[in-house]
Amino acid sequence: MSDEHIDEVSGVSTTGHEWDGIRELNNPLPRWWVITFYITIVWAIGYTIAYPAWPMLSSATKGVLGYSSRNDVKNELAAADAAKDKYVVAVQSKSVSEILADDTLREFAVAAGGAAFKVNCTQCHGSGAQGSKGFPNLNDDDWLWGGTPDQIQQTVTHGIRFLTDSDTRVSEMPAFADVLTPEQIDQVSTFVASLSGTVQRPDLVAPGAKVFAETCVACHGENAKGSREVGGPNLTDAIWLYGSGESAIAAQVRAPRQGVMPAWGSRLGETKVKELAVYVHSLGGGE
C-alpha cells in the first residue's frame, strides 16, 4: 500500500493501491455503463414481479401477468393436433390403397405409422423391423399371408393365432413326431434343406421328397413355395423364421413352434392400424 497521489503520465489520481510498483488509477466507470447496470437491476425486479420467478415451498410466485410456459406448450400441442385433424379424418375415410395413392396422405400415414410402430411393434420386430429368430423380418418380400396393403392391414388388425379374435389368421403345423418316424423326419428335413441349396446327406433327398409329397404338400404346395391362403411358408428360399439347416428344420418338423401376434385392431383402432399398414408397406417388402 502507498499514499494516494497523481499519476505523472495520465494526470489521474490513484486509489492508493499498489502492486509490484504498479498503482491503480482512480478512473470512474463510464456513465453509459453505470446507467445500463441500473437499468438491468430495474428490469430484473420488474421481471420477478411480472413473471413466475421466486421459488416457494411447494410452487413459485405466479407473477402479475399469469404467464405459464406449460400453457404455451399445451396450446402449441393443441394447435398441432388441430392441424393434423384433417389428415386423420382423411385416413379414417379412405382405404389403405387410396391412402397410398395420395402422396400427401401417404407421407402423413408413414410418419404416424412409424411412430406407432416404435411404440407397439419394435419389441418383437426390432427398431428397424428386421425381426429376429421367431419374429418375421418386415423389410423383405417373404410374406406368409401376403404383402399387399390390404393383406397387411388384415394381419395387423386381427393378428396371428390370436384366438380371442374370431377373424385372426390361423395356421397350425402338426407335431410330426407323432406322425412320422425319426428316419422319415431326417429324410424330409434333408429334402427341405436341399430346396434352398443346403445338402449334407444327398442320399436322403429322394426318400425325403417322397415323404414331403405324402405329408406336406397340402400346406406348402407341390413346388414347396407355400400357400398364403393357409399361411404355409415358402420352403425354397433362404428365409427361415426359426433357423436354417437340417437340424433346425428337423426340430420344427418334430415339435413346431407356433408364434402369436396380437390383434391390434381392438387396441389401436382402425385409423392407427391403417397408418401402421402403410408404414410397414413402405419399408420396401410390401407388394
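Residues numbered from 1 in each chain as written. Predicted model: local features only at pLDDT ≥ 70, side-chain atom pairs only at ≥ 80, totals over all residues. Heavy atoms only, no water.

The following threshold applies: UniProt positions are given in the numbering used here, feature names are shortened, and annotations may be inferred rather than shown by experiment.
The chain is annotated in an unreviewed UniProt entry as Cbb3-type cytochrome c oxidase subunit of Mesorhizobium salmacidum. The UniProt entry for the chain carries this comment under Function (unreviewed entry): "C-type cytochrome. Part of the cbb3-type cytochrome c oxidase complex. FixP subunit is required for transferring electrons from donor cytochrome c via its heme groups to FixO subunit. From there, electrons are shuttled to the catalytic binuclear center of FixN subunit where oxygen reduction takes place. The complex also functions as a proton pump." The UniProt entry for the chain carries this comment under Pathway (unreviewed entry): "Energy metabolism; oxidative phosphorylation."

## Description of helix α7 (residues 182-195)
Just so we agree on the cut-off: Runs of H or I in DSSP of at least four residues are treated as helices and runs of E of at least two as strands, each being numbered from the N terminus. Multiplying one less than the number of residues by 1.5 Å gives the expected span of a helix. Each residue is assigned to one of three classes by its accessible area relative to the maximum for its type, calculated with a 1.4 Å probe on protein chains only: buried under 20%, partly exposed between the two thresholds, exposed over 50%.
Compared with an ideal rise of 1.5 Å per residue, which puts 14 residues at 20 Å, α7 spans 20 Å between its outermost C-alpha atoms and is within 8% of the ideal. For α7, every residue scored as buried is listed here: Ile-185, Gln-187, Val-188, Ser-189, Thr-190, Phe-191, Val-192, Ala-193 and Ser-194. Two residues or fewer after α7 comes Gly-197, characterised by a positive phi angle close to 90 degrees.

## Notes on helix α10 (residues 246-254)
Keep this limit in mind: Here, residues are in contact when the closest pair of their heavy atoms is within 4.5 Å.
Among the residues of α10, Glu-246, Ala-248, Ile-249, Ala-250, Gln-252 and Val-253 are the ones counted as buried. Residues of α10 that are buried in the fold lie against α7.

## Concerning the UniProt feature "domain: Cytochrome c" (unreviewed entry) in the chain
What UniProt calls "domain: Cytochrome c" (unreviewed entry) maps, in this numbering, to residues 108-196 and 203-284. From the first C-alpha to the last, residues 108-196 spans 40 Å; its make-up is 46% helix and 0% strand. Taken end to end, residues 203-284 has its terminal C-alpha atoms 40 Å apart, with 50% of it in helix and 0% in strand.

## Topic: the pattern of salt bridges
Definition in use: Throughout this description, the term salt bridge denotes a Lys or Arg side-chain nitrogen within 4 Å of a carboxyl oxygen of Asp or Glu.
Taken as a whole and judged by the stated rule, the model has six salt bridges. Two residues, Glu-275 and Lys-272, come together in a salt bridge whose shortest N-O distance is 3.0 Å. Of this pair, Glu-275 and Lys-272 both sit in helix α12 (residues 270-282), separated by three residues, roughly a single helical turn.

## Description of the packing of aromatic side chains
Selection criterion: Working definition: a ring pair exists when centres of Phe, Tyr or Trp rings (six-membered ring for Trp) sit within 6.5 Å. Plane angles under 30 degrees give stacked, over 60 give edge-to-face, the rest tilted. Two conditions define a charge located above a ring, namely a distance within 6 Å from the ring centre to NZ of Lys or CZ of Arg, and an angle within 35 degrees of the ring normal.
What the rule picks out here adds up to eight aromatic pairs. Look at Tyr-51 and Tyr-67: their rings are 5.8 Å apart centre to centre, the planes differ by 75 degrees, and that puts the pair in the edge-to-face class. One end of the pair, Tyr-51, is in the loop between α1 (31-50) and α2 (69-93); the other, Tyr-67, is in the loop between α1 and α2, and 16 residues separate them in sequence. Relative accessible area serves as the criterion here: at 28%, Tyr-51 is assigned to the partly exposed category. Looking at Tyr-67, the relative accessible area reads 38%, which means it is partly exposed. Taken together, a centroid distance of 5.3 Å and an interplanar angle of 55 degrees make the contact between Phe-191 and Phe-212 tilted. Residue Phe-191 is found in helix α7, and its partner Phe-212 is found in helix α8 (residues 205-215); the two are separated by 21 residues along the sequence. Note on accessibility: Phe-191 and Phe-212 belong to one class, buried. Put simply, the rings of Trp-43, Tyr-47, Tyr-51 and Tyr-67 pair up and form one aromatic cluster. Above the face of the Trp-264 ring, Arg-267 is positioned so that its terminal group lies 5.0 Å from the ring centre.

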